[in-house]
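As a plain string of letters, each chain reads:
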Amino acid sequence: MAVPARTCGASRPGPARTALPWPGRGPRPGPGARRPPSGPPRPLLLLLPPLLLLPLFAAPGASAYSFPQQHTMQHWARRLEQEIDGVMRIFGGVQQLREIYKDNRNLFEVQENEPQKLVEKVAGDIESLLDRKVQALKRLADAAENFQKAHRWQDNIKEEDILYYDAKADAELDDPESEDVERGSKASTLRLDFVEDSNFKNKVNYSYTAVQIPTDIYKGSTVILNELNWTEALENVFIENRRQDPTLLWQVFGSATGVTRYYPATPWRAPKKIDLYDVRRRPWYIQGASSPKDMVIIVDVSGSVSGLTLKLMKTSVCEMLDTLSDDDYVNVASFNEKAQPVSCFTHLVQANVRNKKVFKEAVQGMVAKGTTGYKAGFEYAFDQLQNSNITRANCNKMIMMFTDGGEDRVQDVFEKYNWPNRTVRVFTFSVGQHNYDVTPLQWMACANKGYYFEIPSIGAIRINTQEYLDVLGRPMVLAGKEAKQVQWTNVYEDALGLGLVVTGTLPVFNLTQDGPGEKKNQLILGVMGIDVALNDIKRLTPNYTLGANGYVFAIDLNGYVLLHPNLKPQTTNFREPVTLDFLDAELEDENKEEIRRSMIDGNKGHKQIRTLVKSLDERYVDEVMRNYTWVPIRSTNYSLGLVLPPYSTFYLQANLSDQILQVKYFEFLLPSSFESEGHVFIAPREYCKDLNASDNNTEFLKNFIELMEKVTPDSKQCNNFLLHNLILDTGITQQLVERVWRDQDLNTYSLLAVFAATDGGITRVFPNKAADDWTENPEPFNASFYRRSLDNHGYVFKPPHQDALLRPLELENDTVGILVSTAVELSLGGRTLRPAVVGVKLDLEAWAEKFKVLASNRTHQDQPQKCGPSSHCEMDCEVNNEDLLCVLIDDGGFLVLSNQNHQWDQVGRFFSEVDANLMLALYNNSFYTRKESYDYQAACAPQPPGNLGAAPRGVFVPTIADFLNLAWWTSAAAWSLFQQLLYGLIYHSWFQADPAEAEGNPEARESSCVMKQTQYYFGSVNASYNAIIDCGNCSRLFHAQRLTNTNLLFVVAEKPLCSQCEGGRLLQKETHCPADGPEQCELVQRPRYRRGPHICFDYNATEDTSDCGRGASFPPSLGVLVSLQLLLLLGLPPRPQPQVHAHASRRV
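Everything numeric in this text was worked out from a predicted model, so none of it was measured. (Residues numbered from 1 in each chain as written. Predicted model: local features only at pLDDT ≥ 70, side-chain atom pairs only at ≥ 80, totals over all residues. Heavy atoms only, no water.)

Chemist: Just checking my understanding: could you explain helix α25 (residues 784-791) for this structure?
Modeler: One full turn of an α-helix is made of 3.6 residues, so residues set three or four places apart face in the same direction. Burial within α25 is extensive, with seven of its eight residues counted as buried. Inspection of α25 places S784, F785, Y786, R788, S789, L790 and D791 among the buried residues, and these make up the whole buried set. The inward-facing, buried residues of α25 contact β24 (605-614), β25 (621-632), β29 (751-758), β31 (796-798), β32 (817-828) and β33 (831-843). (Buried < 20%, exposed > 50% of the residue type's maximum accessible area, 1.4 Å probe, protein only. Helix = DSSP H or I, 4+ residues; strand = E, 2+ residues; numbered from the N terminus. Contact = heavy atoms within 4.5 Å.)

Chemist: How do you make sense of the sheet that holds β25 when you look at a structure like this?
Modeler: Sheets are built from strands that pair by backbone hydrogen bonding, the pairs being arranged parallel or antiparallel. With respect to topology, five strands assemble into an open sheet ordered β23-β22-β26-β25-β24, the strand pairing being antiparallel. The sheet is open, and its two borders are formed by β23 (561-563) and β24, each paired with just one other strand. Recorded for the sheet is a direction-independent mean angle of 35° between the axes of neighbouring strands. As paired elements, strand β22 (residues 551-555) and β23 share two bridges and run antiparallel to each other. Bridge pairing in β23 links I555 to V561. (Pairing = 2+ DSSP bridges. Axes fitted to C-alpha atoms, helices over the stretch in contact; angles between N-to-C directions.)

Chemist: What is the right way to read the pairing of strand β21 (residues 524-533) from this model?
Modeler: Both faces of the sheet carry side chains from a regular strand, because those side chains alternate between them. Along β21, ten of the ten residues are buried, which leaves the element largely enclosed by surrounding structure. Across nine bridges, the pairing between strand β20 (residues 500-509) and β21 is antiparallel. By the bridge assignment, P507 is partnered in β21 with V527.

Chemist: For this particular structure, what's the right way to read empty space enclosed by the protein?
Modeler: It is a probe the size of a water molecule, rolled over the atoms, that shows where empty space is left. All chains considered together, the criterion is met by 16 cavities of 30 Å³ or more. Of the voids in this model, the largest cavity is the one considered here, and its volume is about 240 Å³. Looking at the largest cavity, it is lined by 24 residues, and the ones nearest its centre are Y544, Y651, L652, D759 and P835. Mapped onto the lining of the largest cavity, the elements with two or more residues apiece are β27 (650-654), α24 (720-741) and β33. Sort the elements by how many residues they give to the lining of the largest cavity and α24 lands first, with five residues. (1 Å grid on protein atoms, 1.4 Å probe; cavity = no way out; pocket = protein on both sides within 12 Å on 5 of 7 lines; lining within 4 Å. Points joined across faces, edges and corners; volume = space filled by probe spheres on them.)

Chemist: Would you mind going over the sheet that holds strand β28 (residues 679-682) with me for this structure?
Modeler: Reading across the sheet, the six strands line up as β28-β30-β29-β33-β32-β31 and stay open at both edges, with antiparallel pairing between neighbours. At either margin of the open sheet sits one strand with a lone partner, and together these are β28 and β31. Across the sheet, the mean angle separating the axes of adjacent strands is 20° when strand polarity is ignored. Of the strands in this sheet, β29, β31, β32 and β33 are in contact with helix α2 (residues 70-92), which crosses β33 at around 110°. Helix α26 (residues 844-854) rests against β29, β32 and β33 of the sheet, and its axis sits at about 90° to β33.

Chemist: In this structure, what is going on with the pairing of strand β41 (residues 1048-1054)? I would like to understand it.
Modeler: Most of β41 sits inside the fold, with seven of its seven residues counted as buried. A two-sided burial pattern is seen for β41, the buried positions comprising L1048, F1050, V1052 and E1054 on one face and L1049, V1051 and A1053 on the other. One ladder, built from seven bridges, connects strand β35 (residues 884-890) with β41; its direction is antiparallel. The residue bridging L884 from the neighbouring strand is E1054, located in β41. Relative to β41, strand β40 (residues 1036-1042) runs antiparallel, the two sharing five bridges. Following the sheet pairing, F1038 is matched in β41 by A1053. Linkage of β40 to β41, two consecutive antiparallel strands, is achieved through a turn of five residues, within which N1045 is found at a positive phi near 65°.

Chemist: Explain the nonpolar core here, please?
Modeler: In globular proteins that are soluble, nonpolar side chains generally tend to be buried together. Within the largest apolar cluster, 102 residues are counted, with the highest numbers of intra-cluster contacts made by L922, Y928 and F1050. In terms of residue count, α2 provides more of this core than any other element does, eight residues in total. Setting aside chain neighbours within four positions, we find L922 in contact with I889, F927, Y928, F1038, A1040, L1049 and V1051. Ranked by size, the runner-up nonpolar core spans 46 residues in total, among them L130, L500, V552 and V643. (Core = buried A, V, L, I, M, F, W, Y, C linked by side-chain atoms within 4.5 Å.)

Chemist: Teacher, can you tell me more about the state of the cysteines here?
Modeler: The bond known as a disulfide is covalent and runs between the sulfur atoms of two cysteines. Per the counting criterion, the structure on display carries five disulfides. One disulfide in the model links C395 with C1096; its S-S distance is 1.8 Å. The sign of the 100° torsion about the S-S bond sets the C395-C1096 disulfide as right-handed. In this pair, C395 is assigned in the loop between α12 (374-386) and β15 (396-403) and C1096 in the loop between α33 (1080-1083) and α34 (1118-1129), connecting sequence segments 701 residues apart. Covalent S-S linkage joins C446 and C1108, the inter-sulfur distance amounting to 1.8 Å. On the S-S bond that ties C446 to C1108, the torsion sits near 85°, and the link is right-handed. Here C446 is found in helix α14 (residues 439-446), whereas its partner C1108 is found in the loop between α33 and α34, with 662 residues between them in sequence. (Disulfide = S-S within 2.5 Å.)

Chemist: Whenever I open this one, the pattern of salt bridges confuses me. Can you help?
Modeler: Side-chain pairing between opposite charges can occur once the charged atoms of the two side chains come close. Enumeration over the complete set of coordinates arrives at 41 salt bridges. Across the salt bridge formed by E849 and K852, the nearest N and O atoms sit 3.5 Å from each other. In this pair, E849 and K852 are both assigned in helix α26, three residues apart and thus about one turn of the helix distant. We classify K852 as buried; its relative accessible area is 7%. Ionic contacts of the salt-bridge type, sharing partners, join the residues D581, D584, E588, R596 and R1088 into one network. (Salt bridge = Lys/Arg side-chain N within 4 Å of Asp/Glu carboxyl O.)

Chemist: Even after reading the chapter, I still don't get the packing of helix α3 (residues 94-103) against α24, so can you show me in this structure?
Modeler: Each pair of packed helices gets described by two things: the angle between the helix axes and the distance between those axes. Interaxial distance between α3 and α24 falls to 10 Å at its minimum, and their mutual angle equals 130°. On the basis of their axis angle, the class for α3 and α24 is oblique. Along this stretch, α3 crosses α24, giving a crossing that reads as right-handed. Taking contact as the criterion, the partners of Q96, L97, E99, I100, Y101 and D103 in α3 are, on α24, D729, I732, Q735, L736, R739 and V740. (Parallel < 35°, antiparallel > 145°, perpendicular 65-115°, else oblique. Left-handed = near helix turned anticlockwise from the far one by under 90°.)

Chemist: Got a minute to help me understand the side chain of D876 in this structure?
Modeler: Within the secondary structure, D876 sits in the loop between β34 (873-874) and β35. The buried charged residue D876 lacks any salt bridge partner; its closest oppositely charged side chain belongs to R858, at an N-O distance of 7.2 Å. From its side chain, D876 meets the backbone nitrogen of N857 in a polar contact 3.0 Å long. A polar contact of 2.9 Å, which involves the side chain of D876, links it to the backbone nitrogen of E878. Leave out the neighbours within four places in its chain, and D876 touches W76, A855, S856, N857, N881 and L884. (Lys, Arg positive; Asp, Glu negative; His and termini not counted. Polar contact = N/O pair within 3.5 Å; in protein donor to acceptor, adjacent residues only side chain to side chain.)

Chemist: How should I be thinking about α2 in this particular structure?
Modeler: With 23 residues, α2 should reach 33 Å at 1.5 Å per residue; the first-to-last C-alpha distance of 32 Å fits that figure. Phi turns positive, to about 75°, at G93, one or two residues after α2. (Expected span 1.5 Å × (residues − 1).)

Chemist: Explain the packing of α2 against α26 here, please?
Modeler: Close contact between α2 and α26 brings their axes to 9 Å; oriented N to C, the two are set at 140°. Relative to α26, the element α2 is oriented oblique. Counted together, W76, R79, L80, E83 and V87 of α2 and W847, K850, F851, V853 and L854 of α26 form the full contact between these two elements. A per-class count over the contact of α2 with α26 returns seven nonpolar, no polar and three charged. (Nonpolar A, V, L, I, M, F, W, Y, C, P; charged D, E, K, R; others polar.)

Chemist: Got a minute to help me understand the confidence of the model for the protein in this structure?
Modeler: Low pLDDT means the predicted coordinates in that region are not meant to be read closely. In this model, the protein carries a mean pLDDT of 83, and residues with pLDDT of at least 70 account for 79%. Note on residues 178-187: pLDDT under 50 across the span, and 25 contacts to partners over four residues away in sequence or across chains. When the criterion is pLDDT under 50, residues 1112-1148 qualifies, and its contacts beyond four places in sequence or with other chains add up to 71 contacts. (pLDDT = per-residue confidence, 0-100.)

Chemist: How should the packing of aromatic side chains be read in this particular structure?
Modeler: Each pair of aromatic rings is reported with the distance of its centres and the angle of its planes. All chains considered together, the criterion is met by 45 aromatic pairs. For the ring pair Y262 and W268, a centre distance of 6.1 Å and an interplane angle of 50° mean the geometry is tilted. Ring centres of F382 and Y417 lie 5.1 Å apart, and the angle between their planes is 5°; this geometry places the pair in the stacked category. Placement of the pair is F382 in helix α12 and Y417 in helix α13 (residues 411-417), with a sequence separation of 35 residues. The pair F382 / Y417 is uniform in exposure class, with both members buried. Following the ring pairs from residue to residue traces out a cluster consisting of F200, Y206, F238, W250, Y262, Y263, W268 and Y277. The residue whose ring lies beneath R597 is Y1089, and the NZ or CZ to ring-centre distance is 3.9 Å. The ring of Y620 carries R788 above its face, with NZ or CZ at 4.2 Å from the centroid. (Phe/Tyr/Trp six-rings, centres within 6.5 Å; stacked < 30°, edge-to-face > 60°. Lys NZ or Arg CZ within 6 Å of the ring centre and 35° of its normal.)

Given below as structure tokens:
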């Protein structure tokens, strides 16, 4: 891990334990030390002969002093170790707390976590939960198919004939410009009353369903009205399902026509901008409506593609990408005479969020030139689909071609690659307004089991880039019951505010036939879905018996986590699934890759590994032991895992049957006892059902006390395990106050506070006034000091967190403290566990002074050593603080103490921000190791729009010459421009967000992004070490040594003479990755292991492919164009009423 040549630092020789003495500087690195590689000059560790080092002994301006010898600094280190250990022994109370636990041995039992039994039980509970949803799904799907089969189509149906609750009605009534308000169509809309329901986090009505229809679909069309008519009967099935299973959440039918009917009814959460929600683009619908896809998109970029048409193509490709899920694979290429990929991806890649973003950005760079060459485009696409050396879906294969038209049918290409089996479907899209003959495009689609679509303007993009799913659904419908299999989705954000959910999906088929002996209908009616909130699944997992660092997780076939304590997306976009890979949720290593693969394959397993874990505050990395146990969740695509540290194999379970003792211990929770017993923070856990939660711990404690005056710890409405453990730990920690803390004078040792925190949820801080400055999380399991203390032996120092961009610490009133904590390990009957953490809070300023004294040559406590003008003395950290820098740095590289008064307000900062030159040398000499990772759940401020012109992005702007040319007014370009402007009044948000609305929307202010994280931790060097940082005339001597039984590094160094070497700096701060993390082009070359769904429906011999699209070229009327343009110029544009009807084949 070498450092760039322009920075300062030393190379990384290993410490020599048996080398010959190095005069005046301790042992010299031995001959086995690593040498810097050949090449450009870089910072060196000078291994100079003794004579050459003599001139460096004296610091400038202090000729009587020399740099301290190694044995001197080792002596200082021992004094520091002894002082820390002595204070912790006196005030920490580790040994006394062990005795207290043993004295109260009759009040608790030691229980064992048996990983295999635990994980199998939880997996079984989750399976049972999901199975109840599956039964409800099947009842709904069967009922929907029967209702539709019995329904009689009505050609003359009218809006007033249908009575339903329009979920967007309230929002539209509030909008005086709404087209439905203008037409007065609200007579058919129910007005409902709603009640607040905490399970749904919403106001609901259990007596009705609600209907949501996309904005770009006309509600009054015959197809939509008939759809509303027959789906109304689902209402009773929804209600009956809830009667049988009251825990059911949203039950939804997403129709292939775009209609969504869901239960219970609730108003639609309409955004401030136009509502673009379409159920057919939801992750759960896409996954349920078709089998996985291998798709190649080819785009015609020949010179005939006008500016506006090319814009339409770019938008169409982006919309097409949004119809793909993580089970699909895709590539995008442009073609003219030759074909080439638009991005760096040279083969099919998984259609995940990050890959699709690369495609979308690359598509914007397409430029039209050259001549049309369909052959080049199709040959490229077929070659991509025939590449078997890559990971892909291996199910539906298709080519999507976007073009403005052409005459070549490329029959020879189809004969070579696709006939006679026709395993690849071809979908063709005629984009823009033109007079070309579309017959060749229709023929290509019809001859290859595909479909032909027309996209004349913006309004046709969304509907025509998703209709292909109907074609892909044909084999599934024809397969009948074999295809009626429930699938469970990835995690995604519920559009109605439920939070993170997974959805069980089941396709609904059209069972009608036109007559006796007629072919079976092959249309998919839609997808039925039932949501399961992640929180409901989490409730089935053990909460507090696994300890602070134990947890349960679950992954799907893609390796994405369904459950994990690190699944915490900062922002969520309901249009995209939440895809956090297990190897990104944790710090990746080979052992975890092996575990992940085994889980995806549906195997059971157990493995103990040594691995790295991040601290809760993401500032530290610890090397720890963990036991992983995993089993599949049957009847699902999920696998469940359990992670346990060895010290969490056992846990305490309180047994407070003595009610008098319960009352006695409970009294120590009352604020009236805090002055004498110390302040108590209680973890905000769900102790009882009726306990009111609060973010303010004082208020939460008050609510808890009030409830406990009404109920007993053994009440059925309470969690007896949590309550008994809490009350027991209240009494245990009070005895620690009584035996140790109360009679000690904290000021004598410059302590601000002493504290104890327990697995039971108690944090006791003594004295009471110290609670005013206590900033740690009241939930010990969520406190960084608590979790790190359990994972580390000895004393863990935690300086106050400081960001380089924030103002320095304020040292007024001696309130800034440094936490020192250590775990209490019990051994009871051969069973070891760590039920508590104790510690002290050091007064920063006082201990900084004490640090200088301990790292000095004082022989008496009262006076510093004095060196006469004729004597020769070693420098120390007290007398020579103008020439000698002495610091304590923790295992994350953060400053803890310094002998430099001006650095006291920098305590808690990454040491590179304090002394970049010295931190670099420590890193290069292996005192620290660096770990880099990426946070894929971060939130970032939105990037400013790239377009700086006045015209909206995506709009073709004609020149003055165009306006003066009458021929232009009769051209397709003018007609297309006019439609662009009309639809732009409604759909402008597709191309460009409204800045004003974005400012008012908190969700628009932040977007998901990738942040690069860097943590440092102790490297392989454990011994003391001397070195020289060579920077020409600015060379520095330094000594570094680990302090035993702590997470501290003691460093003594000459202060720099000049700033010549300050160019290099190690970074620890989280940084934004503009390219969304590690280079995607490189990552796709080594894709992570995954498995697709075990079933595939891409072929059926009885499929009727005769319905393959119809199209017509319609040249614009000059009279209509002139009239419309005059209206536009007069500022009176007609209000558009986009009417996108479902395909004619949907009519029964």
